[in-house]
Amino acid sequence: MTLRDWSSDVCSSDLNEENAAKIKSGMDLYVDGNAFSVVEISEKPISLNADMDEYLLYLGNFYEGEWLYEIKANGALADGVYKAEIVTESVSPMSFILK
């Protein structure tokens with residue numbers, strides 16, 4: 001997932017509708033190995049427009065007219081591009097063994 005920070009908002013360029021529906025508030029979000037929590041995700045993708053900072057669009061490799069899901073997370077990031085993961089499913093090792 002490609003992320004870009006705009007005042008604690010995080011946008012993803014490769015999150016499809018099926019996977020976006022799995023993301024809920026409180027889920028773990030790992031950005032370059034640092035743990036954060038998802039606060040909110042947009043119900044629908046948002047369109048990037050000309051009002052957005054051109055340099056930030058460049059940093060995130062985003063383009064005007066592109067549709068992205070906006071994810072709000074706790075904590076703060078400097079502007080940039082990050083490797084990120086959101087855990088949508090997890091299984092406790094013991095419960096997996098016992099079942």
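Before reading further, recall that the structure is shown in the block above.
Residues numbered from 1 in each chain as written. Predicted model: local features only at pLDDT ≥ 70, side-chain atom pairs only at ≥ 80, totals over all residues. Heavy atoms only, no water.

A. Spotlight on the pairing of strand β3 (residues 28-31). Every second residue of β3 is oriented toward a common face, the buried set being Leu-29 and Val-31 and the non-buried set Asp-28 and Tyr-30. Inspection of the sheet shows β3 paired to strand β4 (residues 34-41) by four bridges, in the antiparallel sense. The residue bridging Tyr-30 from the neighbouring strand is Ala-35, located in β4. Once β3 ends, the chain turns through two residues before running back antiparallel as β4, passing Asp-32 with a positive phi of about 50°. (Buried < 20%, exposed > 50% of the residue type's maximum accessible area, 1.4 Å probe, protein only. Helix = DSSP H or I, 4+ residues; strand = E, 2+ residues; numbered from the N terminus. Pairing = 2+ DSSP bridges.)

B. Molecular detail of the environment of Ala-20. Along the chain, Ala-20 turns up in helix α1 (residues 17-22). By relative accessible area, Ala-20 is classed as buried at 7%. When sequence neighbours within four positions are dropped, the list of residues in contact with Ala-20 reads Leu-15, Ile-41 and Tyr-69. (Contact = heavy atoms within 4.5 Å.)

C. Region of the structure containing the nonpolar core. Within the largest apolar cluster, 16 residues are counted, with the highest numbers of intra-cluster contacts made by Ile-23 and Leu-29. Listed by contribution, the elements that provide at least two residues to this core are β3, β4, β6 (67-73) and β7 (82-86). (Core = buried A, V, L, I, M, F, W, Y, C linked by side-chain atoms within 4.5 Å.)

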